[in-house]
Each structure stands twice: as structure tokens, then as C-alpha cells.
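Chain by chain, the residues run as shown.
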Amino acid sequence: MKTTQFHLQTRKETPADAEIISHQLMIRTGMISRLGSGLYNWTPLGLKVLRKIEKIVREEMDKAGCLEMIMPTIQPAGLWQETARWDKYGDLLLKIKDRAGRDFCFGPTHEEVITDFARKEIKSYKQLPITFYQIQTKFRDEIRPRFGVMRAREFLMKDAYSFHLNIDCLKDTYAKMHQAYCNIFERIGLTFRPVEADSGEIGGTGSHEFHVLADSGEDAIAYSTESDYAANIEKCEVLAPTKSRPEPQQELKIIDTPNKKSIQEVADFLAISPKKIIKTLLVAGVDAPVALVLRGDHELNEIKAANLAEVASPFTLLEDEEIKQVAQCDAGSIGVKDLNCHIIVDRAVAIMSDFVTGANEDDKHLSGVNWQRDTSFNQVEDLRNAKVGDPSPDGKGTIKIARGIEVGHIFQLGDVYAQSMNAVVLNEQGKSQAMTMGCYSIGVTRVVAAAIEQNHDEKGIIWPQQIAPFTVVILPMNMKKSERVKQAVNDLYNQLKNLGVEVLLDDRKIRPGVMFADAELLGIPHQITIGDRSLDDGEVEYKSRKDMQSIRVKQDEIVDHLQSLLA
RNA sequence: CGGGAUGUAGCGCAGCCUGGUAGCGCACCACAAUGGGGUUGUGGGGGUCGGAAGUUCGAAUCUUCUCAUCCCGACCA
């Protein structure tokens, strides 16, 4: 490809609203252009990268025995009403009407459609197991689209769905998909980690997220210093402390804490550590409000809380008025003593003694409080987020925390969808049985952004070779005047093209500085500079984008040199 | 959903307070010089100021409404 025949529109300036580096670089290189909030054009340049990722994904899916198909982006409401997700999915679901006033949605995912397809097509256990996939546009009406294509509303996703007679068969396919995902991200050239995840609303028995590690990641991942253990912080279990509860030393006292509401304010006021204070959160319960109790320096994990049988889902904190009814005080002074509701304490709280808690009276706290002697709780649970230094749940090493960008997610769905949509097959006994399902997604457009987050420097993108829009760029110095340069450049360009190398020739009539800057911004892995200076010695210059080291190579050896690098 | 802000040329911005029918940089076009790290000069094209209504002789500028976009927050206990 010659630059003058391509659409190359780079920019020096970044739009003011591009916050993260991948978004900035995608705009500056001209890979994407914004059409509206969370909506992007993929330009010819950007599409090249997208297609390469798609190709790798497709090849690995096919290799794992999955069958590609395409489902509509627009889906009838009826299917979503069958699974009750028409209402449950919430505002993320973009609902539309056709001319006759019939309800549809723009698909944010395709469980309903594929399950409908399967119940029509699959009648016998002999057809199982089977896995279908598609690479399709999705739409999710995000509350707050941001970070360019990282959290866009319309995006490209690979979604696969597997069907089985039983859970063992599902686990088998699940393991294969897990492996296929590792293959995909390795081939793309990313540093990633599969982590245990909460299976959330979708339910089911097992789930892993695939995260590309990058500081700008929106998710926190807890991993062990000693083993392969890794989990989304939402899911990472915090083990019960091994220490037992110390004996009470202090007297129970009521103390004035005027206007001290937060843990930090109370700790500062009393000159004690937040670790000696407990915080009591009142949340909506299934029947009546429930109190969740944490150590002052710990963070509540809402996912863990919402998963408890006693706690209402979705997780909601009580409003100020409701708090008044339960605790007779403002939020800042809630305490566990004489609190008239079901009390669930975190594992760390259960072994505390001589602690400080709110007095259920404004501007007052209690100190020297002890379990058993002064008050009691109903239940002990793991309620908090893991933090650095906690023991790893698998017993090996301690927890560290990294940031990750979720680019893939695999679930063992079980038979929830098949049950609600009556997707059944006849088993070997001739009996009707709901199919067991798995689902497996990859955010293809997000992978592009994640790859940039992980591979860039101050000059621009540094593409992993497998997904680079071009693999080689030729930069002619003064080609318009020097016949010799022109000749050498065209010779090399044609040779590489004939060998099937994706080569970009910058034939614009521009200053060398602009060429270098653009080549580096675009992140093309291999750069060849051809000018009179090196041709005098029968040589051209080779530079790798990654390490920016420039070397001279004999003119007649450069093709071999490149081929060995591209192999 | 709550709070804050912004909409003026493709992009980044000034002008608005103190009304008099738009300006800068980048990008774009032409010519010339330059020709190994975003070069320089000259000359151009392009916007009616998010939209609507109002005040006024006159509105980018003042008022009201509206739309759009962006940021922050949604554990305070």
C-alpha cells in the first residue's frame, strides 16, 4: 500500500475528551472517528487491526470445533420476555419499535436468540455437544460511555454458546474454550491473565474473565505471589483470620463525638486506628433491613454481600429516612449494640475486642465494646474486598493487586436459559431434558484498545506484530529528487509486496521528520529508511519500532533480513 | 439518577463581562524555497457562532427555553 493511495489522517492534537492513552492514540492515528456518544467509525486503518484480531479469534474458535453463524442484531421482545430479561436487563437494553408498534431490542448479547435457535434445531442428544459462535455488533446503552472504544455503546463482540446434555460435558467444552482463549491472547501478543470471576446475574456454576494487564484497567485483580491463583477482586475470598478473639480489657463507655461521621473523622478525633472502629452499614434485606459490619479500614464487597441469602438483590443501601427508622440516628452514628435487625459481621470483625462503634444516637459513639459481654451478632460472613498482604485463598503466598482490562469472559450457564425457554432434547432414555449451556465472549473492539494500553510509548503505538495494520513501512528520503532512491524504494516495495508482506510505502511529498513521526505514531513494527546516504554504501537502514535501534543492512540482504523477523 | 461544566471552521482554542453581522494555531489548497526528525515564506478556501424564542435600531455577546456533549459522584455509616 502506498500512503497516497490510502486514507491516512494523523493528527498532532488530541481531542480534549480523550482521557486514556489508547483513546488518544486511536484518534491521533485516525483509526477511529467519533460519530456520537459511544459510537465510532472504524477507518480503513483501524479496520485492518480489527480484522486481524477477528481472524485470530475465528481461527482459534474453528480449531476448537466451534461453528460460525450470524444472528440478527435486532431481536424480538418476545424472546426477552420468556427469560424475564426484557425488564431485568434494565436500561442497558435499547428498546425499539417497528412500524406496527411491535417491540424489539438491539441485542446486547444473544443468549435468547441462540437458545431459540437451538430449541428449534436440536432435538436429540446425538446432536450434542455443539458450539455456535458469531462475531457481531452489539449495542449496550451504557450509563456513561467513555474511553473511546473501551466502553462504547456499539461494539464488536465474539460470542459463542455451547449446548450439552449434562454438566460434565459442559465442563469439558469449558476447559477447551479456556485453552482456546489462552491461545488467542497469546497469538495476539498480549500479557493477560485468566481470573476467577463472579458469575453475577447470569448465574451458573463457574466463570473466568480474561484480563489484559494494564494500569488503566477498570478492574482490580487479586493474585497470589506464590501460585497461579488469580481472581477478580469482586470474587476473591478473604480467609477467616487464624487468630482468636482477645479477652476484653476495657470498660464499655459512651463518648461524645460531635459531628464526627466518617470512620476517619472518628479515628482522628479519638486518636485511634481505624482498625479499632467498626462500621455498620444498613442495607435492604429480603424481608427486613440487614446490618453489615466491617472493620473501619476494610471495604465492603457489594458482590459478596448481594450473594448472601439475607441480602436483597440488587444491593441497595438504606436511605437516610429508613436508617432513622431502624437506628434512630443518622448514618454516621449507627452501631451494633441494641440494633434491632439481623446483624452479619465480617470475619475480621468477629475476632475484634475493645472496639469503637456508633451509639445509635447522633454525635455519640461507644468505646470498649466487646462481643458476648456487651452485644452480639447473628452471622459471620466474608464481606470485604481482599487487599494487598492478605493470605491467598489457596493457601499459597499472599495477595497482590493489579489492574486489568476485561477482554473476555467465559461462563458455565447451566440450564437456566434452556429451562425458561424450554430448550429440550431427548436423552438416551428417550426422555425430554433441558440442555446445559455455556457462553463465551470476547470484546473484539476492546482488545484493540487494550493492546494499545499495553503497548505504547511517548511516540505512539507499538503494535504486536500479529495485529499491526502494516508490518513493514518504507521511508524514502528525498525520493522526488533522487532517481536512485526512487529506484531502490520501488524495487524493495515490489519485492515485499510479491512476497505477501503487508508493506506501507510513504510516498507523500513531505519532510522526513513528518514521515518518521507518523511511522512511529502508527506503530508499524519494522521500518526501512532508504536514502542516498546509505545507498552510497549499498545499504539501507532498518529500525525496529519496539527498541528503536537502527542498523544498516546490505541492499540485497534486506528482504531476507525482514523475512526472518516476520517468520 | 444526582452534581458540575462546555457547545464559535475538520481539530485545539480566543472573542461574550463593557451588544455594532467573527479571530488565532494546527489541518486543508496554490506557488516558491528547503530536502535525513513535525522546515520556512507568500497567497488562498472554509464557520453566521448547538437549536428556538425573546429584548434591542442592531445579538456569538443579554434573557428564557431546548438539545447535545463531557467530567465527577453513586460505601457516608
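This text follows the structure it describes.
Residues numbered from 1 in each chain as written. Chains lettered and ligands numbered in written order. Predicted model: local features only at pLDDT ≥ 70, side-chain atom pairs only at ≥ 80, totals over all residues. Heavy atoms only, no water.

Visitor: It is not clear to me how a positive patch on the surface should be interpreted in this structure. Could you clarify?
Guide: On the surface, Lys480, Lys481, Lys486 and Lys509 cluster together into a patch of positive charge. Mapped onto the elements of the fold, Lys509 is located in the loop between strand S27 (503–505) and helix H14 (512–522). With relative accessibility at 73%, the residue Lys509 sits in the exposed group. (Patch = residues over 30% accessible without salt bridge, like charges linked within 9 Å, V, L, I, M, F, W, Y side chains within 5 Å. Areas by Shrake-Rupley, 256 points an atom, 1.4 Å probe, with all protein chains shown as cover. Salt bridge = Lys/Arg side-chain N within 4 Å of Asp/Glu carboxyl O. Lys, Arg positive; Asp, Glu negative; His and termini not counted. Charge placed at Lys NZ, Arg CZ, Asp CG, Glu CD. Helix = DSSP H or I, 4+ residues; strand = E, 2+ residues; numbered from the N terminus. Buried < 20%, exposed > 50% of the residue type's maximum accessible area, 1.4 Å probe, protein only.)

Visitor: It is not clear to me how the nonpolar core should be interpreted in this structure. Could you clarify?
Guide: Here is a general trend for soluble globular proteins: nonpolar side chains tend to be buried in one another's company. Core analysis: the largest hydrophobic core is formed by 65 residues, its most contacted members being Met31, Ile53, Met61, Tyr181, Phe185, Ile188 and Trp463. A per-element tally of this core places helix H6 (residues 167–188) first, with nine residues. Those residues in contact with Trp463 that sit more than four places away from it in its chain are Met31, Val49, Val448, Ala451, Ile452, Ala468, Pro469, Leu522, Gly523 and Pro525. In terms of nonpolar packing, the next biggest core, distinct from the first, is built from 29 residues, Leu79, Trp80, Ile114 and Met421 among them. (Core = buried A, V, L, I, M, F, W, Y, C linked by side-chain atoms within 4.5 Å. Contact = heavy atoms within 4.5 Å.)

Visitor: How do you make sense of the side chain of Glu112 when you look at a structure like this?
Guide: For Glu112, the location among the structural elements is in helix H5 (residues 111–121). Within the local environment of Glu112, its side chain forms a polar contact with the side chain of Thr83, the two groups lying 2.7 Å apart. (Polar contact = N/O pair within 3.5 Å; in protein donor to acceptor, adjacent residues only side chain to side chain.)

Visitor: What is the right way to read the state of the cysteines from this model?
Guide: As used in these notes, a disulfide is a covalent bond between sulfur atoms, one from each of two cysteines. Considering all chains together, one arrives at zero disulfides under this definition. Unpaired in terms of disulfides, Cys341 finds its nearest cysteine sulfur in Cys329, a separation of 11 Å. (Disulfide = S-S within 2.5 Å.)

Visitor: Explain a negative patch on the surface to me, please; I cannot follow it from the model alone.
Guide: Side chains of Glu319, Asp320, Glu321 and Glu322 sit close together on the surface and give a patch of like negative charge. Following the sequence through the fold, Glu321 ends up in helix H9 (residues 320–327).

Visitor: I keep staring at the protein's contact with RNA strand B and nothing clicks. Help me out?
Guide: Taken together, 43 residues sit near RNA strand B, with Arg144, Arg511, Glu520, Arg533 and Glu541 positioned nearest. Each atom of RNA strand B within 4 Å of the protein was classed as base or backbone; sugar and phosphate made up 47%. A distance of 3.4 Å separates a sugar or linking oxygen of RNA strand B from a polar atom in the side chain of Lys12. One of the side-chain nitrogen or oxygen atoms of Arg511 is found 2.4 Å away from a base oxygen of RNA strand B. Elements with a minimum of two residues in the surface near RNA strand B: strand S14 (278–283), H14, helix H15 (532–535) and strand S29 (539–544). The leading source of residues in the surface near RNA strand B is H14, at seven residues. For the surface near RNA strand B, the residue count by class is 15 nonpolar, nine polar and 19 charged. (Near = heavy atom within 4 Å. Nonpolar A, V, L, I, M, F, W, Y, C, P; charged D, E, K, R; others polar.)

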